[in-house]
Amino acid sequence: MSRFIFLTFNGLSFGAVYAALALALVLIWRTTRVLNFAQGAMAVATAYVALSVSDWTGSYWIGFGAALAAGFVLGAVVERVAFRGADRMPPLNTIVIGVGLLILIEAVMGMLYGSANRGFPAAYSTRAYSVGSTALFSKQDVFTVGSVLVLMLVIAVLLTRTPQGLRMRAAAFAPEVARLLGVRVGRLLTLGWALSGLVGALAAMLVIPTGLGLFPQAMDGVFILGFTGAVVGGLESPVGAVVGGVLTGLALSYASGYIGSDITPLAALVLLVVVLLLRPTGLFSGSQVRRV
Amino acid sequence: MTELLEVEGLCAGYGAAPVLHDVDLRLAPGTITAVLGANGAGKTTLLRTLSGLLRPSAGRIDLTGRDLIGLPVERRVMLGVAHVPEGRGVIGELTVQENLRLGGLWRKGAGARRETDAAIAEVYDLFEPLARRRGYHGHQLSGGERQMLALGRALVARPKFLLLDEPSLGLAPVVAASIMALLRTLRDASGMAVLLVEQNVHSALAIADEGVVVSLGRVVARGKAADLQADEGLRHAYLGF
Ligand SMILES: Nc1ncnc2c1ncn2[C@@H]1O[C@H](COP(=O)(O)OP(=O)(O)OP(=O)(O)O)[C@@H](O)[C@H]1O
Ligand SMILES: [Mg+2]
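Residues numbered from 1 in each chain as written. Chains lettered and ligands numbered in written order. Predicted model: local features only at pLDDT ≥ 70, side-chain atom pairs only at ≥ 80, totals over all residues. Heavy atoms only, no water.

Caption draft 1: Summary view of the interface of chain A and chain B. Tallying the contact residues gives 20 residues for chain A and 24 residues for chain B. Between chain A and chain B the total buried area reaches about 2300 Å² when both faces are included, carbon and sulfur atoms providing 64% of it. Run the count over chain A and chain B and you get three salt bridges. Between Arg169(A) and Glu98(B) there is a salt bridge; the shortest N-O distance is 2.9 Å. Linking chain A with chain B are four residue pairs in polar contact (both at pLDDT 80 or more). Counting residues per element, the ones that place at least two in the side of chain A that touches chain B are α6 (163-173) and α7 (175-180) of chain A. In the side of chain A that touches chain B, the residues fall into eleven nonpolar, two polar and seven charged. (Contact = heavy atoms within 4.5 Å. Buried area = accessible area lost by both parts, 1.4 Å probe. Salt bridge = Lys/Arg side-chain N within 4 Å of Asp/Glu carboxyl O. Polar contact = N/O pair within 3.5 Å; in protein donor to acceptor, adjacent residues only side chain to side chain. Helix = DSSP H or I, 4+ residues; strand = E, 2+ residues; numbered from the N terminus. Nonpolar A, V, L, I, M, F, W, Y, C, P; charged D, E, K, R; others polar.)

Below, the structure is given as structure tokens:
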């Protein structure tokens, strides 16, 4: 039982990271039909920004904030430069652009910072609190889950409670109709990419300190798991992305805890296959959402 | 009479394929002009060019003396152009209230919110069924309710120039008739110019002031709605009744 509790907390903590990445992917997919394969690499780039800024300023938190800001800017720039008009491109083109960008960003990071794994400190202690002999969760886990939760609430409020959010949803669901109502769709696509970049940056800042370390390919594996979460959630729905990400985290944690850590990658695959067999369009994609 | 909209020599098409040839059009404020023509004649293309979704290859579009050519759709909306597209364009994933709110989001500055709220309230007065379904999603509405929503959403902008692409398509005759009657009321109350594309020639000419007949992308006839309706040769050649 105590092991189960520990694995659950552990799964939630990693699940929060996968949820963030999944959300980052979904924010872009639903507006532009791009599956951004460079998402993980972009996120790592922001962690390098954090490293540099923290070195200059001597402040961990200024570096942390710089990473989020860099993610926001990088997302917007990538959309403007690489993916403008992507909603009208054949899918293969966007995949090629995404993979090309992934290679480019990782190469540039390698040139600037070297390919060695640099340690990257966590914001808070990663030592787990325990009750009796039962390890539960660390301060860093609480920070991880808490900060992802806060960011998601902010995005949810933005999307559902503000005029800008209404414009963004309209632009995502029906770009041409949105334009006919005076919405500047192009700008909102950029904003969506920027938000996605910010969410990805948060994911990197949370997961890189917990054992991964910082090197250009650091997020390649995490990206796959975020992607798994997004697909499990149905790719269309932000809520689905979050649920899918958390499910992925839990499934992996239980699998590695009870069966062995060698099995972890396979567990993601099994989750994916099971969900897609039961619901080929993912858990939250909508039979209830009919396009008009 | 000073015109609200003046179109001269408008040519447009998709890629290299021209569809509209040298179209002229004049709309006075407070009038309804019916655009008639067979399937594929270029009616939708004309509306898309006027609202800015499609870039013309030649011609002039003046709205109250202002040249619209080169202005993107969003800027034209601010100048008073509202286009209810073919198939209506109700956003199914958004609620009735959100769809309506969207119709006024182009407004900027102080008082924007108040003006939009007032306009939405008017739309709810106009369309009782919508008022009872504010929280419904667009895809939960019937065809007639969707048409009300699409039209209502355009009215939230309080446009000067309203473009309607086959508003009665797929509606029961009695619902279609009530929408047509409403257009007339709106025309009288608001002074806007309406460009109405309709397959149902009878009901369109019954409420319109003017009519233009489009064939193969050219205006082949124009005149008072009553005259067009009475012109037997024209009816046989282009309107099929
Ligand atoms: N997106 C497009 N790309 C290429 N050609 C198009 C496109 N849309 C329409 N056309 C062509 O332009 C011509 C005019 O089409 P348009 O939709 O304007 O006709 P319409 O008068 O609205 O017809 P309907 O009554 O069937 O709605 C047609 O020949 C059509 O094939
Ligand atoms: Mg048409």
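Caption draft 2: View of the site of ligand 1. Residues and elements named next belong to chain B. Residues in close proximity to ligand 1 total 13 residues, the closest being Lys 43, Thr 44, Thr 45, Glu 86 and Gln 199. Within the side chain of Thr 44, an N or O atom sits 2.7 Å from an oxygen atom of ligand 1. Here an oxygen atom of ligand 1 sits 2.5 Å away from a polar atom, N or O, in the side chain of Thr 45. Computed on the free molecule, ligand 1 has an accessible area of 630 Å², of which 58% lies beneath the protein chains in the complex. Partitioned by chemical class, the residues of the shell around ligand 1 number four nonpolar, six polar and three charged. (Near = heavy atom within 4 Å. Areas by Shrake-Rupley, 256 points an atom, 1.4 Å probe, with all protein chains shown as cover.)

Caption draft 3: Inspection of the coordination of the magnesium ion (ligand 2) at higher detail. The coordination sphere of the magnesium ion (ligand 2), as far as protein atoms go, consists of Thr44(B) (OG1) and Glu86(B) (OE), spread over 1.9 to 2.4 Å. Of the two residues, Thr44(B) sits in helix α1 (residues 43-51) while Glu86(B) sits in the loop between β6 (81-84) and α3 (96-102), which places them 42 residues apart along the sequence. (Donors = N, O, S within 2.8 Å, 3.2 Å for Na, K, Ca; no water.)

Caption draft 4: View of the pairing of strand β4 (residues 58-63) of chain B. Residue and element names in this part refer to chain B. Sheet analysis places strand β1 (residues 5-14) next to β4, joined by five bridges and oriented antiparallel. By the bridge assignment for β4, Val 7 is matched with Ile 61. Hairpin remark: β4 followed by strand β5 (residues 66-67), antiparallel, with two residues in the connecting loop; positive phi at Thr 64, about 40 degrees. (Pairing = 2+ DSSP bridges.)

Caption draft 5: Structural detail: unusual backbone geometry. Residues other than glycine seldom take positive phi values, yet Arg33(A) does so here, at roughly 60 degrees. Checked against the element boundaries, Arg33(A) lands in the loop between α1 (2-32) and α2 (39-57). Residue classification places Arg33(A) among the partly exposed residues on the basis of a relative accessible area of 34%. One non-glycine residue, Arg88(B), lies in the positive phi region at around 80 degrees. Its place among the elements puts Arg88(B) in the loop between β6 and α3. (Buried < 20%, exposed > 50% of the residue type's maximum accessible area, 1.4 Å probe, protein only.)

Caption draft 6: Looking closely at the sheet that holds strand β3 (residues 32-36) of chain B. All names here are of chain B. With respect to topology, six strands assemble into an open sheet ordered β6-β7-β8-β3-β9-β10, the strand pairing being mixed. Every interior strand has two partners, whereas the edge strands, β6 and β10 (218-224), have only one. For this sheet, the mean inter-axis angle between neighbouring strands, taken without regard to orientation, is 15 degrees. Looking at chain direction, β3 and strand β8 (residues 193-197) are connected through four bridges and run parallel. Residue pairing across strands places Thr 33 opposite Leu 195, the latter belonging to β8. (Axes fitted to C-alpha atoms, helices over the stretch in contact; angles between N-to-C directions.)

Caption draft 7: Spatial organisation of helix α9 (residues 220-233) of chain A. Residues and elements named next belong to chain A. Over its 14 residues, α9 runs 20 Å from end to end, which matches the ideal 20 Å to within 8%, given 1.5 Å per residue. Among the 14 residues in α9, ten count as buried, and that is most of the element. Taken as a whole, α9 has its buried residues at Val 222, Phe 223, Leu 225, Gly 226, Thr 228, Gly 229, Ala 230, Val 231, Val 232 and Gly 233. Elements in contact with the buried residues of α9: α1, α2, α8 (185-212), α10 (238-258) and α11 (264-278). (Expected span 1.5 Å × (residues − 1).)

Caption draft 8: Structural view of the pairing of β1(B). All names here are of chain B. In this sheet, strand β2 (residues 17-27) lies alongside β1 in antiparallel orientation, the contact comprising seven bridges. Bridge pairing in β2 places Ala 12 opposite Leu 20. Turn length for the β1-β2 hairpin, with the two strands adjacent in sequence and antiparallel, is two residues, and the turn residue Gly 15 shows positive phi of about 60 degrees.

Caption draft 9: Looking closely at the packing of helix α5 (residues 139-161) of chain A against α8(A). Residues and elements named next belong to chain A. Between α5 and α8, the shortest axis-to-axis distance is 10 Å and the interhelical angle comes to 175 degrees. The pairing of α5 with α8 is recorded here as roughly antiparallel in orientation. Contacts between α5 and α8 involve Gln 140, Phe 143, Thr 144, Ser 147, Val 148, Leu 151, Ile 155 and Leu 158 on the former and, on the latter, Leu 195, Leu 198, Val 199, Leu 202, Leu 206 and Thr 210. For the contact of α5 with α8, the residue count by class is ten nonpolar, four polar and no charged. (Parallel < 35°, antiparallel > 145°, perpendicular 65-115°, else oblique.)

Caption draft 10: Region of interest: the packing of aromatic side chains. Residue and element names in this part refer to chain A. Scanning all chains against the criterion turns up 16 aromatic pairs over all chains. With a centroid separation of 5.9 Å and an interplanar angle of 50 degrees, the aromatic rings of Trp 61 and Tyr 124 are classed as tilted. Of the two residues, Trp 61 sits in helix α3 (residues 60-82) while Tyr 124 sits in the loop between α4 (91-113) and β1 (128-131), which places them 63 residues apart along the sequence. Judged by its relative accessible area of 42%, Trp 61 falls in the partly exposed class. Judged by relative accessible area, Tyr 124 falls into the partly exposed class, the value being 35%. A centroid spacing of 6.4 Å and a plane angle of 25 degrees characterise the contact between Tyr 254 and Tyr 258, whose relative ring orientation is stacked. Linking Tyr 254 with Tyr 258, this pair stays in helix α10, spanning four residues, or about one helical turn. (Phe/Tyr/Trp six-rings, centres within 6.5 Å; stacked < 30°, edge-to-face > 60°.)

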